[in-house]
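Structural overview for review
So the chains spell out like this:
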Amino acid sequence: MGYHHIDPDELAPSPDHPCDRRSLAEAAELAQLAAAVYDLAPGEDLATTYHYHDQREELFYVLAGDLHVETPDETFVVEADETFLVEPEHPIRPYNPADADGPVRVLGVGAPKFDIGRPYEPDADGDDA
C-alpha cells in the first residue's frame with residue numbers, strides 16, 4: 001500500500017450518490033477505513049438515506065459552509081473548521097438545507113469500512129423505529 005497523495009478534485013464522483021462524493025478510500029484501496037470528500041449543493045443530502053451503522057464510528061470535518069445533521073433528538077449545525085462525531089447505532093441525516101446560502105464541503109471518515117449504513121425511519125410518534 002505505502003503512501004498516497006490524492007487530490008479529491010481529480011477523482012471521479014461516486015455513482016448513485018445524492019451529492020458529489022469523491023472516495024479517498026477507494027482511490028487508495030484502503031481495507032479498513034472509509035474516507036471521502038463530499039460537496040453538497042443547497043438541498044442535497046450527504047448520504048443516500050437517514051441511517052445508522054452497527055459498528056462504524058464516523059467523523060465529519062466541515063471544510064466550508066455549514067453542515068446540518070438531523071438526529072432523532074435535534075438538528076446540529078456544524079460550521080466550517082468544526083467536527084461532528086457519531087458513535088455506532090446513532091442515526092443521522094447530514095444535509096445542506098434547500099435555503100442555504102451556498103455549498104458545503106465535508107471530509108467524512110469512518111471505520112470499519114465494511115459496515116454499510118442501515119436505513120432509519122422514525123415512527124409517526126417521533127419514537128425510534
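Up top is the structure.
Our subject in this report is the structure included herewith. (Residues numbered from 1 in each chain as written. Predicted model: local features only at pLDDT ≥ 70, side-chain atom pairs only at ≥ 80, totals over all residues. Heavy atoms only, no water.)

With that settled, consider the nonpolar core. In this structure, Y38, L40, L46, F60, L67, F84 and V106 are the most contacted members of the largest nonpolar core, which totals 16 residues. Secondary-structure elements contributing two or more residues to this core are strand 2 (34-40), strand 4 (57-64), strand 5 (66-70), strand 7 (83-86) and strand 9 (104-111). Broken down by element, this core gets its largest block of residues, three residues, from strand 2. (Core = buried A, V, L, I, M, F, W, Y, C linked by side-chain atoms within 4.5 Å. Buried < 20%, exposed > 50% of the residue type's maximum accessible area, 1.4 Å probe, protein only. Helix = DSSP H or I, 4+ residues; strand = E, 2+ residues; numbered from the N terminus.)

Another point: the sheet that holds strand 9. Spatial strand order, 1-2-9-4-7: five strands in an open sheet with antiparallel pairing. Looking at strand neighbours, the two that pair on one side only are strand 1 (20-23) and strand 7, the edges of this open sheet. Averaged over neighbouring strand pairs, the angle between their axes works out to 20 degrees when direction is ignored. Across seven bridges, the pairing between strand 4 and strand 9 is antiparallel. The partner of L59 across the bridge, within strand 9, is V109. (Pairing = 2+ DSSP bridges. Axes fitted to C-alpha atoms, helices over the stretch in contact; angles between N-to-C directions.)

For D115, the location among the structural elements is in the loop between strand 9 and strand 10 (118-119). Put simply, D115 is tucked away with no salt bridge, and the nearest opposite charge, on R118, sits 5.5 Å away. (Lys, Arg positive; Asp, Glu negative; His and termini not counted. Salt bridge = Lys/Arg side-chain N within 4 Å of Asp/Glu carboxyl O.)

Bringing the sheet that holds strand 8 (residues 93-95) into the picture now. Pairing is antiparallel in the open sheet, where three strands are placed in the order 6-5-8. Each having just a single partner strand, strand 6 (75-79) and strand 8 make up the two edges of the open sheet. Averaged over neighbouring strand pairs, the angle between their axes works out to 20 degrees when direction is ignored. Of the strand pairs in this sheet, strand 5 and strand 8 are connected by three bridges, and their pairing is antiparallel. Note on strand 8: the bridge partner recorded for E70 is R93.

Below, the discussion takes up a negative patch on the surface. Among the surface-exposed residues, D66, E79, D81, E82, D99 and D101 lie close enough to one another that they form a single negatively charged patch. Residue placement: E79 occurs in strand 6. (Patch = residues over 30% accessible without salt bridge, like charges linked within 9 Å, V, L, I, M, F, W, Y side chains within 5 Å. Areas by Shrake-Rupley, 256 points an atom, 1.4 Å probe, with all protein chains shown as cover. Charge placed at Lys NZ, Arg CZ, Asp CG, Glu CD.)

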